[in-house]
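Chain by chain, the residues:
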Amino acid sequence: MTTRHFLKDTDLSPAEQAEVLDLALRMKAAPYSVQPLAAEGAGRKTVAVIFDKTSTRTRVSFSTGVSDMGGTPLIINPGESQIGHKESVEDTAKVLERMVAAIVWRTGAHQGLVDMAANSRVPVVNALCDDYHPCQLLADLLTVKEHKGKLAGLSMAYLGDAANNMANSYLLAGVTAGMHVRIAGPEGYLPAPEIVAEAEDVAAATGGSVLVTVDPAAALEGADVVATDTWVSMGQEAEKAERMQLFRDYSVDAAAMAKAAPDAVFLHCLPAYRGYEVAAEVIDGPQSVVWDEAENRLHAQKALLAWVLHQSGQAVVEGLAPRA
């Protein structure tokens, strides 16, 4: 049986993404109803959760989620492992697969995750890398589905640094769900052509669409969902003053939200910096669903882990489609 990994948003087909989100809703309603890590008569399975970067939401949600599902989270903090310096990623994978049920890794280069998955017989999950943040997008889509009742056909605008992992994942996950994804950022800070091309190919099959623009108003016009991200990510602190000036026209304030649909919801993956990428009146206002979004990291990731374990033959989750 093929081991299923989740390294980027399009590792789930549209039908699989919908199945994971439906499972997340079911598990949110009954948090302890699915126990793929509680091996009957054999104790609790362990999931390695590896951090090359510091984290709040990712660490808490995966740790809690693994425990909720009957397992034991093995947290490996930055600097506590030998991956990539004293031991290769490939060798690390071959060791971990013999000891844990799954590997969750928050790292830098996406290639490291690819190499880990290629050498692992247990599922590998991308908890964030420089190119993608697919677990965050599952939480975002779950939040939109809860508040809007559907995903397909909705328009979603993302403003700000459009050359980062969040913009890439909004494009890929959004069109996988059949959404009309609009990405706005300044010249030189837009998604790579290959990411746009992949999103357009997926959109052609799902009925979604892609718009990449330097005009924030074009992205916002009538949007059902408005999203942004910090302008200064880890490792960019020295560029703070320059980036604050560069992205100032892409700030999500009340005037920006007024261009969206009257019932638009606002998303931010957090941490947020009020007065920069988002105004306090927006993130703390009635259209903001960021706290639901943050909580949904837990439910979406639990569903994802349960799903990949099921599909990889390591667990049986009632209600899921037969394993491929």
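Counting restarts for each chain: residues are numbered from 1 in the order of the written sequence. Local features in a predicted model are, by the rule used here, given only for residues with pLDDT of at least 70; side-chain atom pairs are given and counted only at 80 or more, and totals for whole chains, interfaces and linings are based on all residues. Excluded from the side-chain calculation are hydrogens and water; included are all heavy atoms of the structure.

Attention now goes to the packing of aromatic side chains. We call Phe, Tyr and Trp rings a pair once their centres come within 6.5 Å, taking the six-membered ring for Trp, and we label the pair stacked below 30 degrees between planes, edge-to-face above 60, and tilted otherwise. Counted under the stated rule, the structure contains three aromatic pairs. A ring pair is formed by Y189 and F247, whose centres lie 5.3 Å apart and whose planes are at 80°; its orientation type is edge-to-face. Of this pair, Y189 sits in the loop between β8 (180–184) and α7 (193–206) while F247 sits in the loop between α9 (240–246) and α10 (254–259), and the two are 58 residues apart along the sequence. For each residue, the accessible area found with a 1.4 Å probe, counting protein chains only, is set against the maximum for its type, and the residue is called buried under 20%, exposed over 50%, and partly exposed in between. Residue class for Y189 comes out partly exposed when judged on its relative accessible area of 22%. Consider the rings of W231 and F247, whose centres lie 6.0 Å apart with planes at 40°: the pair is tilted. In this pair, W231 is assigned in the loop between β10 (225–228) and α9 and F247 in the loop between α9 and α10, connecting sequence segments 16 residues apart. Given the relative accessible area of 0%, F247 is considered buried. Working definition: helices are DSSP H or I runs of at least four residues, strands are E runs of at least two. Numbering for both runs from the N terminus.

Turning our eyes to something else, we now look at the packing of helix α2 (residues 57–68) against helix α12 (residues 290–311). Note on definitions: angles span 0 to 180 degrees between N-to-C directions of axes, and those axes are lines fitted to C-alpha atoms, for helices only across the stretch in contact. Packing of α2 against α12 leaves a shortest axis separation of 9 Å and a crossing angle of 50°. As summarised for this structure, α2 and α12 are arranged oblique, according to the angle between their axes. Note on packing geometry: the crossing formed by α2 with α12 is right-handed. Residue-level inspection shows R57, T58, S61, F62, T64, G65, V66 and D68 of α2 in contact with α12, the latter providing A294, R297, L298, Q301, K302 and L305. Note that Gly is not counted as nonpolar here; it falls among the polar residues with everything else outside the nonpolar set of Ala, Val, Leu, Ile, Met, Phe, Trp, Tyr, Cys and Pro and the charged set of Asp, Glu, Lys and Arg. Of the residues that constitute the contact of α2 with α12, the class distribution is five nonpolar, five polar and four charged. Should an angle fall under 35 degrees it is called roughly parallel, over 145 degrees roughly antiparallel, and 65 to 115 degrees roughly perpendicular, with every other angle called oblique. Less than a right angle of anticlockwise turn of the near helix away from the far helix marks a crossing as left-handed, whereas a clockwise turn marks it as right-handed. Two residues form a contact once any of their heavy atoms are found within 4.5 Å.

Where helix α6 (residues 165–176) meets α7, the closest approach of the two axes is 8 Å, and the angle between their N-to-C directions is 15°. Taken together, α6 and α7 sit at an angle that is classed as roughly parallel. For the element pair α6 and α7, the recorded crossing hand is left-handed. Contacts between α6 and α7 involve N168, L171, L172, V175 and T176 from the former and I195, V196, E198, A199, V202, A203 and T206 from the latter. For the contact of α6 with α7, a count of residues per class yields eight nonpolar, three polar and one charged.

Attention now moves to the sheet that holds strand β9 (residues 209–213). Taking strand neighbours across the sheet as the criterion, the five strands line up as β9-β8-β7-β10-β11 in an open arrangement whose pairing is parallel. Two strands bound the open sheet, and with one partner strand each, they are β9 and β11 (265–268). Neighbour-to-neighbour, the strand axes of the sheet open up by a mean angle of 20°, direction not taken into account. Strand pairing follows a simple DSSP-based rule, namely that at least 2 bridges must link the two strands. Note that β10 and β11 share four bridges and pair parallel. Looking at β11, one finds that V226 is bridged to F266.

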